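# Understanding the architecture of this molecule
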Amino acid sequence: MTHLLPIYSTFTDADRAWMARALELAVHARDAEGEVPVGALLVLDGVAVGEGWNRNITLNDPTAHAEIQALRAAGERLSNYRFPGATLYVTLEPCAMCAMAMVHARVARLVFGATDPKTGAAGSVFDTLLSPRHNHRVEVSGGLEAEAAGDLLRRFFRQRR
């Protein structure tokens, strides 16, 4: 396996606006449900078609990560399980489960905030999204609002200790 670091890109104003919304969803996860503050949204043709935030504790569901919640919401809204051309915005680098869900859903692009040095599957720990073994690859752009997303997580875990 080739270890790839997250790809830091030039981001558009639209990318910044969508990530701001993902950060709002992360704050909602923390404040409304006491969840780890991670937010995600799937955007297709300039429209948010699915939003999500961590709900593992609330739903007693280990798969209820923000990315999965956003993909499920998009699937319901679009009556489809595939999202070619879509971009997933998420405040934290996805884990392997969420990365594979993106591959199966044919998401075109991932934009994430903070890297996850323990379970990141977009280049920090695993290179799941860029593996040539898959029949679909997701374009990865990381580091957008990384400091804000990382601060949310650090403060959350500091308060828990």
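So, here's what we can say about the structure. (Residues numbered from 1 in each chain as written. Predicted model: local features only at pLDDT ≥ 70, side-chain atom pairs only at ≥ 80, totals over all residues. Heavy atoms only, no water.)

### Some words on the pairing of strand S2 (residues 47-53)
Rule in force here: In short, DSSP must find at least two bridges between two strands for them to pair. Helical segments are the DSSP runs of H or I of at least four residues, strand segments are the runs of E of at least two, and each set is numbered from the N terminus.
As paired strands, strand S1 (residues 39-44) and S2 are joined by six bridges and run antiparallel to one another. Across the sheet, residue Val 43 finds its bridge partner in S2, namely Ala 48. The antiparallel hairpin formed by S1 and S2 contains two residues in its connecting segment, where Asp 45 sits at a positive phi of about 55 degrees.

### Describing the packing of aromatic side chains
Filter applied, for reference: Only Phe, Tyr and Trp rings take part, Trp by its six-membered ring, and two of them pair if their centres are within 6.5 Å. Stacked means planes under 30 degrees apart, edge-to-face means over 60, and tilted covers everything else. Only protein chains enter the area calculation, which uses a 1.4 Å probe; residues under 20% of their type maximum are buried, those over 50% are exposed, and those in between are partly exposed.
Following the criterion strictly, the structure yields one aromatic pair and no others. Considering the side-chain rings of Phe 156 and Phe 157, the 5.2 Å spacing of their centres and the 80 degrees angle between planes classify their relative orientation as edge-to-face. With a relative accessible area of 6%, Phe 156 lands in the buried category.

### Concerning the layout of surface pockets
Condition: The way it works is a 1 Å grid over only the protein atoms, where trapped points that fit a 1.4 Å probe form a cavity and open points with protein on both sides within 12 Å along at least five of seven lines form a pocket, and then any residue with an atom within 4 Å of a point lines it. Grid points are joined across faces, edges and corners, and a volume is the space filled by probe spheres set on the points. All amino acids are sorted into three groups, where Ala, Val, Leu, Ile, Met, Phe, Trp, Tyr, Cys and Pro are nonpolar, Asp, Glu, Lys and Arg are charged, and the leftover types, Gly among them, are polar.
Taken as a whole, the largest pocket holds about 390 Å³ of empty space. Taken together, 13 residues form the lining of the largest pocket, with Leu 92, Asp 116, Pro 117, Leu 153 and Phe 157 sitting closest to its centre. Of the residues forming the lining of the largest pocket, the biggest block, five residues, is contributed by helix H5 (residues 146-160). The residue makeup of the lining of the largest pocket, split by class, is six nonpolar, two polar and five charged.

### Structural notes on the pairing of S1
A large share of S1 lies buried, amounting to six of its six residues. Here S1 shows no split at all, with Gly 39, Leu 41 and Val 43 on one side and Ala 40, Leu 42 and Leu 44 on the other all buried. Pairing between S1 and strand S3 (residues 87-92): four bridges, direction antiparallel. In the sheet register, Leu 41 faces S3, and the bridge partner there is Tyr 89.

### Brief notes about the side chain of Glu 35
Quick reminder of the rule: Under the convention used here, Asp and Glu are negative, Lys and Arg are positive, and both His and the chain ends fall outside the count. Every case where a carboxyl oxygen of Asp or Glu lies within 4 Å of a side-chain nitrogen of Lys or Arg is listed as a salt bridge. The definition of a polar contact used here is a pair of N or O atoms within 3.5 Å, where within protein one atom must be able to donate a hydrogen and the other to accept one, and adjacent residues in sequence count solely through side-chain atom pairs.
Mapped onto the elements, Glu 35 comes out in the loop between helix H1 (13-33) and S1. Buried within the structure, Glu 35 lacks any salt-bridge partner; its nearest side chain of opposite charge belongs to Arg 55, at an N-O separation of 5.9 Å. One polar contact links the side chain of Glu 35 to the main-chain amide nitrogen of Ile 57, over a distance of 3.0 Å. There is a polar contact of 2.6 Å between the side chain of Glu 35 and the backbone nitrogen of Thr 58.

Read these as spatial facts, not as claims about activity.
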